[in-house]
Amino acid sequence: MQQALNFRDQVFINFRHYPFNDQSAHGYRWIDLKRFELLSPSCDDTLLLDALIKHDQFRDDYAGGGVDPLGIRHGPYWLSNITTDAYEPADETTANDVLRSWASQYGGLPKQLEEVLNHDVNALIQAATSRYRLKGLGRSAFHDWGGVHTEFHELIVVDRASRNLTLIIAADD
């Protein structure tokens, strides 16, 4: 099979860049979007998930190290613990609830941040033809320093109409 995904770009939304009433309410949180073009839009979702897991851009510890093409970590997990079976389908409401609950855990969000999240994240979730959520893999799946994030949420949204797949990571420092 030909390559299924082409990395397009990355958008990083750092909550610290927005004016919270309480200066510490940003909670060192951020959302990272990695956007890919579907090169084989006829691929089924399992093949797309597998292609994403095998992609160099997936080899990111999300703790400042960035992408390591030879890396063995993904977020807090050993890469070897992440397979297509580690994902479960999520409907639009579930996907939005996960992110909304996480984002507002310390209270309301600044209006500017709400607007960015609506434009850059919620619109992707709404337009998606399918959505997946990384299941809780448990501490036994953590890599050697995998507990660095207080929370780590991962969604994958596929929009076949626009030929896009987006990896959404919501976490904290």
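Presented here is a report on the structure given in the accompanying data block. (Residues numbered from 1 in each chain as written. Predicted model: local features only at pLDDT ≥ 70, side-chain atom pairs only at ≥ 80, totals over all residues. Heavy atoms only, no water.)

A short note on the overall build of the chain
Logical step 1: Helix and strand counts for the chain stand at 3 helices and 8 strands.
Logical step 2: For the chain, the sequential pattern of α-helices and β-strands runs β-β-α-β-β-β-α-α-β-β-β.
Logical step 3: Computed over the C-alpha atoms, the radius of gyration of the chain is 16 Å, within 12% of the 16 Å expected from 2.2 N^0.38 for a compact globule of 173 residues.
Logical step 4: Judged by the C-alpha coordinates and their principal axes, the chain covers about 50 × 40 × 25 Å.
Logical step 5: The buried share of the chain, taken over its 173 residues, is 46%.
Logical step 6: Restricting to contacts in the chain with at least 6 residues of sequence separation, those with at least 24 account for 73%.
Logical step 7: For the chain, the exposed area adds up to about 8,700 Å²; of that, 47% sits on carbon and sulfur atoms.
Logical step 8: Each charge class in the chain was averaged separately, 16 positive and 25 negative side chains, and the resulting centres sit 1 Å apart. (Helix = DSSP H or I, 4+ residues; strand = E, 2+ residues; numbered from the N terminus. Rg over C-alpha atoms; globule rule 2.2 N^0.38 Å. Buried < 20%, exposed > 50% of the residue type's maximum accessible area, 1.4 Å probe, protein only. Contact = heavy atoms within 4.5 Å. Areas by Shrake-Rupley, 256 points an atom, 1.4 Å probe, with all protein chains shown as cover. Lys, Arg positive; Asp, Glu negative; His and termini not counted. Charge placed at Lys NZ, Arg CZ, Asp CG, Glu CD.)

What about the nonpolar core?
Logical step 1: Ranked by size, the top nonpolar core spans 29 residues in total, and within it Leu5, Leu48, Leu52, Phe58, Tyr87, Ile156 and Leu165 carry the most contacts.
Logical step 2: For this core, the secondary structure elements donating two or more residues are strand E2 (29-38), helix H1 (45-54), strand E6 (130-134), strand E7 (152-159) and strand E8 (164-172).
Logical step 3: No other element matches H1, which puts 5 residues into this core.
Logical step 4: When neighbours within four sequence positions are excluded, Leu5 is seen to be in contact with Phe36, Glu37, Leu38, Leu39, Leu48, Ala51, Leu52, His55 and Leu165.
Logical step 5: Core analysis: the next-biggest nonpolar cluster, separate from the first, contains 20 residues, Ala25, Ile31, Leu33 and Ala103 among them. (Core = buried A, V, L, I, M, F, W, Y, C linked by side-chain atoms within 4.5 Å.)

Points about helix H3 (residues 111-127)
Logical step 1: Between its terminal C-alpha atoms H3 stretches 22 Å, which fits the 24 Å expected from 17 residues at 1.5 Å a residue.
Logical step 2: The largest bend along H3 measures about 40° and falls at Asn118.
Logical step 3: Listed in full, the buried residues belonging to H3 are Leu113, Leu117, Val121 and Ile125. (Expected span 1.5 Å × (residues − 1). Bend = angle between axes of the 7 residues up to and from the residue.)

Quick word on the environment of Gln105
Logical step 1: When you line up the elements, Gln105 lands in the loop between helix H2 (92-103) and H3.
Logical step 2: Through-space distance from the C-alpha of Gln105 to that of Val121 is 17 Å; in sequence the pair is 16 residues apart.
Logical step 3: Residue contacts for Gln105: discarding those within four places in its chain leaves Arg29 and Glu151.
Logical step 4: From its side chain, Gln105 meets the backbone oxygen of Trp102 in a polar contact 2.9 Å long. (Polar contact = N/O pair within 3.5 Å; in protein donor to acceptor, adjacent residues only side chain to side chain.)

Regarding H1
The α-helix advances 3.6 residues per turn, and as a result positions three or four apart in sequence lie on the same side.
Logical step 1: For H1, the complete set of buried residues consists of Asp45, Leu48, Leu49, Ala51, Leu52 and Ile53.
Logical step 2: For H1, the N-terminal cap is Asp44; the gap from its side-chain oxygen to the backbone nitrogen of Thr46 is 3.2 Å.

Examining unusual backbone geometry
Both trends apply: most residues other than glycine have a negative phi, and most peptide bonds are in trans.
Logical step 1: Not every positive phi belongs to a glycine, and Tyr62 is a case in point at roughly 55°.
Logical step 2: Positionally, Tyr62 belongs in the loop between H1 and strand E3 (73-74).
Logical step 3: For Tyr62, a relative accessible area of 6% puts it in the buried group.

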